[in-house]
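If you want the building blocks of each chain, they are given just below.
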Amino acid sequence: MIYTDRTAAGRALATHLDHLRAADPLLLGLPRGGVPVAAGVREIIGGDLDILLVRKLGVPWQPELAMGAIGEGGIRVLNPDVLSHIGITPREFAGIEDLERAELDRRRMVWRGDSAPIPLDGRTVVIVDDGMATGATVVVACRVARLHRPAQVVVAIPVSSAEALRRVAAEADQIVCPLVPETLGGVGTAYEDFHQLEDDEVTTLLA
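Residues numbered from 1 in each chain as written. Predicted model: local features only at pLDDT ≥ 70, side-chain atom pairs only at ≥ 80, totals over all residues. Heavy atoms only, no water.

Peer 1: Any chance you could explain the layout of surface pockets here in plain terms?
Peer 2: Any space left empty among the atoms is revealed by the rolling of a water-sized probe across them. Considering only enclosed or pocket space, the largest pocket measures out at about 910 Å³ in volume. Surrounding the largest pocket, 37 residues form its lining, K56, P63, E64, D130 and T137 being those nearest its centre. Of the residues forming the lining of the largest pocket, the biggest block, 5 residues, is contributed by strand 4 (residues 62-71). Grouping the constituent residues of the lining of the largest pocket by class yields 16 nonpolar, 12 polar and 9 charged. Contributing to the lining of the second largest pocket are L28, I51, L52, E72, G73, R112, P117, I118, P119, L120, V144 and H148. Broken down by class, the residue content of the lining of the second largest pocket amounts to 8 nonpolar, 2 polar and 2 charged. (1 Å grid on protein atoms, 1.4 Å probe; cavity = no way out; pocket = protein on both sides within 12 Å on 5 of 7 lines; lining within 4 Å. Points joined across faces, edges and corners; volume = space filled by probe spheres on them. Helix = DSSP H or I, 4+ residues; strand = E, 2+ residues; numbered from the N terminus. Nonpolar A, V, L, I, M, F, W, Y, C, P; charged D, E, K, R; others polar.)

Right, here's the structure in full:
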């Protein structure tokens with residue numbers, strides 16, 4: 001299965017989420033790539049759309065590989081399997097985390113400004129990204145969401161590695177992922193169009 005683009009992936013994903021329609025779900029896209037997927041889901045099942053701000057802590061020479069992730073509320077998750085193989089020093093790790101926290105703060109200002117996020121309390125929350133390789137970012141997203149006491153946390157992903165699904169299973173009440181390749185060379189291999197989104201594309205979708 002190859003998705004045309006992220007929005008098409010969201011529409012395809014929505015066919016596996018119809019059971020949530022009556023719950024008036026709150027779809028939380030992980031910027032940037034998860035936002036058009038979440039918007040595609042919303043086209044089909046309705047609900048509200050917002051963002052959940054998290055940042056991957058990528059390996060310096062392989063940024064797509066997560067050695068951890070951070071989120072709002074001071075949440076941080078490490079990926080010990082990756083960290084044990086890369087030999088990064090605590091100082092180097094701290095420097096990367098500082099940079100990513102600064103970017104997280106920048107994105108908060110760009111996409112939220114002074115506006116408050118949609119409350120999660122008591123809602124069926126659906127965390128959406130464009131794919132999972134290690135699952136570190138989605139684990140952080142689940143933990144950030146739990147701080148706000150939603151009724152349930154559902155993770156909906158168009159494509160994932162089996163390893164990431166196992167990791168996230170302990171964090172979510174339900175996981176929906178229609179495509180789990182035996183070998184995931186990279187999330188982008190599941191898409192014809194996997195371009196790097198710009199800030200204004202996310203802004204338009206959220207509006």
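Peer 1: Whenever I open this one, the side chain of R123 confuses me. Can you help?
Peer 2: Mapped onto the elements, R123 comes out in the loop between helix 4 (90-111) and strand 6 (124-128). R123 sits in the buried class, given a relative accessible area of 17%. Within the structure, R123 has its side chain in polar contact with the side chain of D48 (distance 3.0 Å). Other than its neighbours up to four places away in sequence, R123 contacts D24, P25, L26, D48, I118, P150, A151 and Q152. (Buried < 20%, exposed > 50% of the residue type's maximum accessible area, 1.4 Å probe, protein only. Polar contact = N/O pair within 3.5 Å; in protein donor to acceptor, adjacent residues only side chain to side chain. Contact = heavy atoms within 4.5 Å.)

Peer 1: Please explain unusual backbone geometry as it appears in this structure.
Peer 2: Most peptide bonds take the trans form, and the phi angle of most residues other than glycine is negative. Along the chain, P31 connects to R32 via a cis peptide bond; the corresponding omega equals 0 degrees. Examined against the element boundaries, R32 turns out to sit in the loop between strand 1 (26-29) and helix 2 (34-45). Look at R149: it is not a glycine, yet its phi comes out positive at around 55 degrees. Along the chain, R149 turns up in the loop between helix 5 (136-146) and strand 7 (152-156).

Distances and angles like these do not, on their own, reveal function.
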